[in-house]
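Now for the letters of each chain:
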Amino acid sequence: MLSVRLTTSVWFLLILITSGCNTSSERPNILIILADDLGYSDIGAYGGEIHTPVLDSLAENGVRFRQFYNAGRCCPTRASLLTGRYPHGVGMGAMVSPVDKELTIGPYQGYLSESAVTLAEMLQDAGYSTYMSGKWHVGERPIHWPRMRGFERYFGLISGASSYYEIIENQPRLRQMALDDDPWSPPDSGFYMTDAFTDYAVDFLQSHTSNKPFLLYLSYTAPHWPLHALPEDIAKYAHRYDRGWDTLRHERFTRMLELGVIGSAHSLSPQTSGLSSWQQAIDKGEWALRMSVYAAMVDRMDQGIGRVVDQLRSMNSLSNTIIFFLSDNGASAESVDGRQLHRLNTHVGEPGSYLAYEEPWANASNTPFRLYKQWMHEGGIATPLIIHWPARIRRSGRIIDTPAHVIDLMATIADVAQASLPHTDGKSLLSLLDSPGYSAPDRTFYWEHMGNRAIRQGDWKLLWDRERSEWKLYNLALDATELYDLSGEEPQIAVHLQHRWEAWADSIGVRLH
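Residues numbered from 1 in each chain as written. Predicted model: local features only at pLDDT ≥ 70, side-chain atom pairs only at ≥ 80, totals over all residues. Heavy atoms only, no water.

> Talk me through the overall build of the chain; I want residue IDs and the actual numbers.
Within the chain one finds 13 helices and 15 strands. Taking 513 residues into account, the globule formula puts the C-alpha radius of gyration at 24 Å, and the chain, at 23 Å, falls close to it. In terms of overall dimensions, the chain has C-alpha extents of about 100 × 60 × 50 Å along its principal axes. Taken across its 513 residues, the chain has 60% of its residues classed as buried. A fraction of 73% describes how many contacts in the chain between residues 6 or more apart in sequence connect residues 24 or more apart. A total of about 20500 Å² of accessible surface is found on the chain, and carbon and sulfur atoms cover 51% of it. Distance between charge centroids for the chain: 4 Å, based on 45 positive and 59 negative side chains. (Helix = DSSP H or I, 4+ residues; strand = E, 2+ residues; numbered from the N terminus. Rg over C-alpha atoms; globule rule 2.2 N^0.38 Å. Buried < 20%, exposed > 50% of the residue type's maximum accessible area, 1.4 Å probe, protein only. Contact = heavy atoms within 4.5 Å. Areas by Shrake-Rupley, 256 points an atom, 1.4 Å probe, with all protein chains shown as cover. Lys, Arg positive; Asp, Glu negative; His and termini not counted. Charge placed at Lys NZ, Arg CZ, Asp CG, Glu CD.)

And the structure:
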């Protein structure tokens, strides 16, 4: 019998072939963390004073985006994150439809289209395990719940805003929680929504024993109203906000410039018309407490993210897990007094209270931008984006100035996971992570929500405010806070962008209000 010996060159060839194979162990795990109603400047890495050491560390050891966009509100952004599509194209042009509403089909149907491939479905096909903990909000009926859309395990809030301590039965709309496919109710005591989402996220990671890479989508409700926080977290911010919202905006603006998350094109926008100054405010102690509770909610979320990061570290998975952190929209100026859910003789933050921090503090949360959630101004659609991936990102701590959008996460994740990408409206951001000097070509982005409209092409942004019913044009390279309308000086650009927006709106089924 002839003895066959592998020569050194053959061994070398085999090593090259083996190393070129795309085994699942080489592909990164994926962790997406979505905050709810978080303002652009709330976390420390973006200039905030709130104690967020975990997110700040992820930013320092990863990259931050200066111009990253969401879809302006919770349901549309979640739909875009899950599909890589503009929300109208997957049935979520507005808000989720209530469970008792008759099923319809179209851009505003109020649940995620069955024909749209979700991130979880794409990654399942690519050999990933898929987990979700947190707020779903893209389909109230069980046939539209997460396990029907590619997630192997799920715990969380199917619906939108809810008490952090309980499910209130007499809300204007039904609120539902679920564990996998079954309805779930909080215990009578000892429950706090943010901690529960973290607990299950950690449990899912601990139970992940296969060799498959995994997706974990952790979708917090914090810091969405109602203002509910634990006493020990509120205590950290006692009297922190006694100097008021005017001072806070200026302090944040200064820190943002020092950090480099904003630059010379950013001016501190004037205080929103109609808002009182802090000096004129009544019940300053109550107002300061509301912001303290809000800060405590963000703080608790950061603590929870720290627990998830520690779990990844204990699994020796942190280095090769790509982590995305972002918000679904800008800060919310909404008041919830009209819901009449606040119980008498309760203080903000406590069980039974049901309050929001409202427009004055939202104006500070969105420093330096104008307006809020629902609007297509930068204050409504600009979000922090942190990406952390030690195994791949070089020159950590960078701030990326190239504009990008939540629709880009699907393509980016398909790229890093070596998954087959379904139809998408986005582009992969991987080149921006790999090449510090890479500058992506100018792109065009579109928005519409409840009558507010916008288009951005390169540095030009055309904006329609439903309350004023007129188009305004801004050059974001020179005026990032949208203070100077140039539609009269550059009418050709304005008309060109308006026609582009109208063509997009017609193609995707936008309903003009």
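> Which residues make up the packing of aromatic side chains, and what values go with them?
Tallied over the full model, the rule gives 30 aromatic pairs. Aromatic side chains Y131 and F204 sit 5.8 Å apart centroid to centroid with 25° between the ring planes, which places their arrangement in the stacked category. Of this pair, Y131 sits in strand β3 (residues 129-134) while F204 sits in helix α5 (residues 193-206), and the two are 73 residues apart along the sequence. A residue is classified by how much of its surface remains accessible, and Y131, at 7% relative accessible area, is buried. Exposure remark for F204: the relative accessible area of 2% places this residue in the buried category. (Phe/Tyr/Trp six-rings, centres within 6.5 Å; stacked < 30°, edge-to-face > 60°.)

> Break down the environment of S41 for me, citing the residues and quoting the values.
Inspection of the secondary structure puts S41 in the loop between β1 (29-35) and α2 (53-60). The buried category is assigned to S41, whose relative accessible area is 0%. Between the alpha carbons of S41 and R395 there is a distance of 23 Å; along the sequence they are 354 residues apart. Not counting residues up to four positions away in its chain, the partners in contact with S41 are Y46, G47, G48, R252, M256, A364, S365, N366 and T367. In terms of polar contacts, S41 uses its side chain to reach the backbone carbonyl oxygen of A364, at 3.3 Å. Only 2.9 Å separates the side chain of S41 from the backbone oxygen of S365, close enough to count as a polar contact. (Polar contact = N/O pair within 3.5 Å; in protein donor to acceptor, adjacent residues only side chain to side chain.)

> Could you give an account of the nonpolar core, with specific residues and numbers?
Among the nonpolar cores identified, the biggest contains 78 residues, and I43, Y241, I305, F325 and W361 are the most heavily contacted of them. The element contributing the most residues to this core is helix α8 (residues 284-314), with 14 residues. Look past the residues within four positions of Y241 in its chain and what remains in contact with it is E49, I50, L248, W278, A288, M291, S292, A295 and W361. Of all hydrophobic cores here, the second largest spans 53 residues; its members include A116, Y217, L409 and L430. (Core = buried A, V, L, I, M, F, W, Y, C linked by side-chain atoms within 4.5 Å.)

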